[in-house]
Amino acid sequence: MIKKKKIAVLTTYFANFGSYFQATALQRQIEKLGYECELINERARLFKSYKMLISVCLTPFLPHAVKEFIAERVPQYYAFLRLKNDVARLKVSSAFSFNLRKLSKKYDCIVVGSDELWSANKKTIVYYPFYFGVGLECPHITYGPSATMFEGASDKRLGEIRDGLMSFRRISVRDTFTRDFVEKLLGVQPKLVIDPTLMNPYFVQNGEGKGEYVLVYGQHYSEKERKVIREFAEKHGWKVMAVAWKHDSWCDGFIDTRSADDMQDAFRKSEYCFPSTFHGVIFSVLNHRNFITFINPLRGRKVTMLLETLQMKDRIYSDKKSEQFTEVDFGKVDKLLKELRKKSIDYLQKALEEACNE
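Everything in this summary refers to the structure shown in the same document. Remember, it's a predicted structure, so these values are computed and weren't measured experimentally.

## Description of unusual backbone geometry
Excluding glycine, most residues fall at negative phi; most peptide bonds, likewise, are trans. With an omega dihedral of 5°, the bond running from G113 to S114 counts as a cis peptide bond. Structurally, S114 is set in the loop between β3 (109-112) and β4 (115-118). For E212, which is not glycine, the phi dihedral falls at a positive 50°. With respect to the helices and strands, E212 occurs in the loop between α8 (196-199) and β9 (213-217).

## Some points on the packing of aromatic side chains
Each aromatic ring pair is described using two quantities: the centre-to-centre distance and the angle formed by the ring planes. On inspection of all chains with the given rule, the structure shows 29 aromatic pairs. Ring geometry for Y13 and F14: centres 5.9 Å apart, planes at 70°, overall edge-to-face. An identical accessibility class is assigned to Y13 and F14; each is buried. Ring plane angle 55° and centroid distance 4.6 Å describe the contact between F232 and Y272, whose orientation is recorded as tilted. Of this pair, F232 sits in helix α9 (residues 223-236) while Y272 sits in strand β12 (residues 272-275); the two residues are 40 residues apart in sequence, bridging distant segments of the chain. Summarising the burial analysis for this pair, F232 and Y272 share the class buried. Pairwise contacts between aromatic rings join Y221, F232, W238, W250, Y272, F274, F294, Y317 and F325 into one cluster.

## Quick word on the nonpolar core
Residues I7, I30, I141, Y143, Y217, L348 and L352 are the most contacted members of the largest nonpolar core, which totals 71 residues. Element by element, the count of residues in this core is highest for helix α13 (residues 330-356), at 11 residues. Of all hydrophobic cores here, the second largest spans 30 residues; its members include I110, C138, A147 and F168.

## Description of the sheet that holds strand β10 (residues 239-243)
Within the open sheet, the four strands sit side by side as β11-β10-β9-β12. Their pairing is parallel. Where the open sheet ends on each side, the last strands, each with one partner, are β11 (253-255) and β12. With direction set aside, neighbouring strand axes in the sheet form an average angle of 30°. The pairing of β9 with β12 spans four bridges and is parallel. Paired with Y217 across the strands is P275, a residue of β12.

## Quick look at helix α4 (residues 75-88)
For α4, built from 14 residues, the straight-helix expectation of 20 Å at 1.5 Å per residue is met to within 8% by its first-to-last C-alpha distance of 20 Å. Of all bends in α4, the biggest is about 45°, found at R82. The complete set of buried residues in α4 reads Y77, Y78, A79, F80, L81, R82, L83, D86 and V87.

## A closer look at the sheet that holds strand β1 (residues 6-10)
The sheet built from four strands is open, its strands ordered β2-β1-β3-β5 with parallel pairing. Every other strand in the sheet has two partners, leaving β2 (36-39) and β5 (140-142) as the edge strands with one partner each. Adjacent strand axes in the sheet meet at a mean angle of 25° when their direction is disregarded. When β3 meets β5, the two strands line up parallel, connected through three bridges. The residue of β5 that forms the bridge with V112 is T142. Packed on one face of the sheet, helix α1 (residues 17-32) meets β1, β2 and β3 and runs near 165° to β2. Contacting β1, β3 and β5, α13 crosses the sheet at an angle of about 165° to β5.

## Observations regarding the pattern of salt bridges
Overall, the coordinates contain 20 salt bridges when judged by the stated rule. Put simply, D86 and R89 hold a salt bridge, and the shortest N to O gap is 3.0 Å. For D86, a relative accessible area of 8% puts it in the buried group. Owing to a relative accessible area of 63%, R89 belongs among the exposed residues under this scheme. For R268, the salt bridge identified is with D265, shortest N-O distance 2.1 Å. With R268 and D265 both in helix α10 (residues 260-268), this residue pair falls three residues apart, about one helical turn. Residue classification places R268 among the buried positions, given a relative accessible area of 7%. Judged by relative accessible area, which is 23%, D265 ranks as partly exposed. Salt bridges sharing partners connect three or more residues here, namely E68, R82, D256 and R258.

## Here's the deal with the side chain of K302
Position of K302 among the secondary structure elements: in helix α12 (residues 300-309). Of the residues examined, K302 reaches a relative accessible area of 13% and is grouped as buried. A polar atom in the side chain of K302 sits 3.2 Å from the side chain of E116. Contacts of K302, omitting those with residues within four sequence positions, involve E116, R174 and F278.

## Thoughts on helix α7 (residues 176-186)
For α7, the full list of buried residues reads T178, R179, F181, V182 and L185. End-on view of α7: buried residues confined to an arc of 160°, all on one side of the axis. Residues of α7 that are buried sit in contact with β4, β6 (145-147), α6 (155-166), β7 (172-173) and β8 (191-192). Where α7 starts, the residue carrying a side-chain oxygen 3.2 Å from the main-chain nitrogen of F177 turns out to be D175. Immediately beyond the C-terminal end of α7, within one or two residues, lies G187, with a positive phi of roughly 75°.

What counts, and where the lines are drawn
- Residues numbered from 1 in each chain as written.
- Predicted model: local features only at pLDDT ≥ 70, side-chain atom pairs only at ≥ 80, totals over all residues.
- Heavy atoms only, no water.
- Helix = DSSP H or I, 4+ residues; strand = E, 2+ residues; numbered from the N terminus.
- Phe/Tyr/Trp six-rings, centres within 6.5 Å; stacked < 30°, edge-to-face > 60°.
- Buried < 20%, exposed > 50% of the residue type's maximum accessible area, 1.4 Å probe, protein only.
- Core = buried A, V, L, I, M, F, W, Y, C linked by side-chain atoms within 4.5 Å.
- Pairing = 2+ DSSP bridges.
- Axes fitted to C-alpha atoms, helices over the stretch in contact; angles between N-to-C directions.
- Expected span 1.5 Å × (residues − 1).
- Bend = angle between axes of the 7 residues up to and from the residue.
- Contact = heavy atoms within 4.5 Å.
- Salt bridge = Lys/Arg side-chain N within 4 Å of Asp/Glu carboxyl O.
- Polar contact = N/O pair within 3.5 Å; in protein donor to acceptor, adjacent residues only side chain to side chain.
- Arc of directions from axis to C-beta.

Put into structure tokens, the structure is as follows:
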């Protein structure tokens, strides 16, 4: 029997529902292509993020009431607790592999991505050299990482990033901003691919709206946006239910999702969605939920680029349009997604073959 090549995915996955699904979708797709695949344990970068350090290290010692108290106020910690059992079932590298340079030698290839990984100065996404390929001792490629903040980065840091990017056998990114960033640094335009959740939506099941509620998935909504959502729900006699982030002051209730599957059920059972995040839009699309999204300063750029890719910019809310809560032509969207999936899977397959057969 031919031994399968061993692949590792280096990404974030345990403190955000979107990150969890993108990581597991990519891992499963790599396995579909005939490889053995595991996630690199995020404990390897705990000391680069005090929030992650606190979440992982203190949780076993905290009383349940204290954990829930923190979860109500810190969305990342809420997701961490709710995903804990799902994460425990994943194929993950040793929890004690803090030396990622050494750990990388055990793999035939490391895939960096997807999600927001590339940042040079954003406090919530700490600069992590390994995400840029720095110090990885085996062949490595990227699949769809997203770049965020680089303003004010020193020449020394940008030089390290450039050298790291040059070490990748192949580079793909998931949005045009990141594509332009890489092209500016390297003079070469990387491949554009779709987010793993769109490429391999293993978690989607057939279902129709039964909950008689509109779903709110996002952290930031202006007073005007809240009013739009409330008026739309009242017009149809539906409740306004929040998920992942609590909005007690203006929503009718909160859906406490206790697992990754519960999160998808919240979308599947909704009648309409109002996401303001990248993966919130994706979950609405994959579950065939009609939706309108609001663009905010934190996540607006990547949401807009996603909707451009899906040819769905009409789903961005505009107070200048009197008739915009129309139904989505999901037949058209699914046809486009089929083409995008093929291109993205082809890239992943060829990139892995080249990296593993050097």
